[in-house]
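Fold and contact review
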Amino acid sequence: MEKYFFEENPNPAAKIAFVMWTPFDYYVYKNIAKHLSEAEYVVCDTWYKNAKTRGAEHIHKSINLLKDAGVRWRVLSELDDISIIEPFFQKYDVIAAVHLWPPLDSLSFEDWFSRKKSVLINYAATKDLSLFGPCVARFDIVLADGPYGHEYFKLLAESHIIGIPKYDDWFNKNIDEAKLYKIKKLLGFSKKTVLYLPTHSGLSSLYKFHGAVSSLADSYNVLIKLHQHSRLTESSIVQK
């Protein structure tokens, strides 16, 4: 990756790292991390190899989100060089993540990651193939969103059911009204509204339905909530 300067706002007392690969990860963590004074976020480069051509835009998006939220963070753009990765994580006693992706997963796993206390936070719809792989066993603890996932996770690691913290703001009615108003202003109130939420890559319906969904805009308000990886894996469709 080309060298860039990244703004940081580290927590001098940090002993717990919440590892982010996309801005979306912040919403998974935030209602857990806010209770931990020794926590900070670690913004990493993307897992998607062909995305190197995007430069640092995705990292800056995460930084801007964390800055607006008034939280602490550091940046690690190196995914492979263990001489950089291991010293970076040396200060932490606990690493919390939603995946075992680089820079956490490496040939030096046994040399450094396994010496940390590690927590896997279950964040998505419980898709068996993507969530219940052998990598789960590399974590000390899994925080499961419900009993279905818990029954699988506990076969591989210590598992605890915590619900879904990313929905706390919704149920506590702690929604950003200014952002909600911004969306509502774009809607034509004489039209019904369609919400489309495709996933990405091989399981995505974008390949088949993007044209049909876009054509609905003449008669409906069409809200499309793209997956955070859609701009990487279906970039040409997203541009359309």
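Notes on the structure follow. None of these values were measured; they are calculated from a predicted model. (Residues numbered from 1 in each chain as written. Predicted model: local features only at pLDDT ≥ 70, side-chain atom pairs only at ≥ 80, totals over all residues. Heavy atoms only, no water.)

1. Thoughts on the overall build of the chain
- In terms of regular secondary structure, the chain is built from 11 helices and nine strands.
- Taking 240 residues into account, the globule formula puts the C-alpha radius of gyration at 18 Å, and the chain, at 19 Å, falls close to it.
- A principal-axis box enclosing the C-alpha atoms of the chain has dimensions of 60 × 45 × 35 Å.
- Within the chain, buried positions represent 42% of all 240 residues.
- When contacts within the chain are restricted to residue pairs at least 6 apart in sequence, long-range pairs at least 24 apart make up 58% of them.
- Working note: accessible area of the chain is about 14,200 Å², and carbon and sulfur atoms make up 55% of it.
- Here the chain holds 30 positive side-chain charges and 28 negative ones, and the gap between their average locations is 7 Å. (Helix = DSSP H or I, 4+ residues; strand = E, 2+ residues; numbered from the N terminus. Rg over C-alpha atoms; globule rule 2.2 N^0.38 Å. Buried < 20%, exposed > 50% of the residue type's maximum accessible area, 1.4 Å probe, protein only. Contact = heavy atoms within 4.5 Å. Areas by Shrake-Rupley, 256 points an atom, 1.4 Å probe, with all protein chains shown as cover. Lys, Arg positive; Asp, Glu negative; His and termini not counted. Charge placed at Lys NZ, Arg CZ, Asp CG, Glu CD.)

2. Examining the environment of Ser190
- Along the polypeptide, Ser190 turns up in the loop between helix H8 (177-185) and strand S8 (193-196).
- Relative accessible area serves as the criterion here: at 75%, Ser190 is assigned to the exposed category.
- Sequence separation of Ser190 and Asn221 is 31 residues, and the distance between their C-alpha atoms is 9.3 Å.

3. Considerations on helix H3 (residues 82-89)
- Within the sequence span of H3, burial applies to Ile85, Phe88 and Phe89. Down the axis of H3, the sector holding all buried residues measures 85 degrees, keeping them to one side. (Arc of directions from axis to C-beta.)

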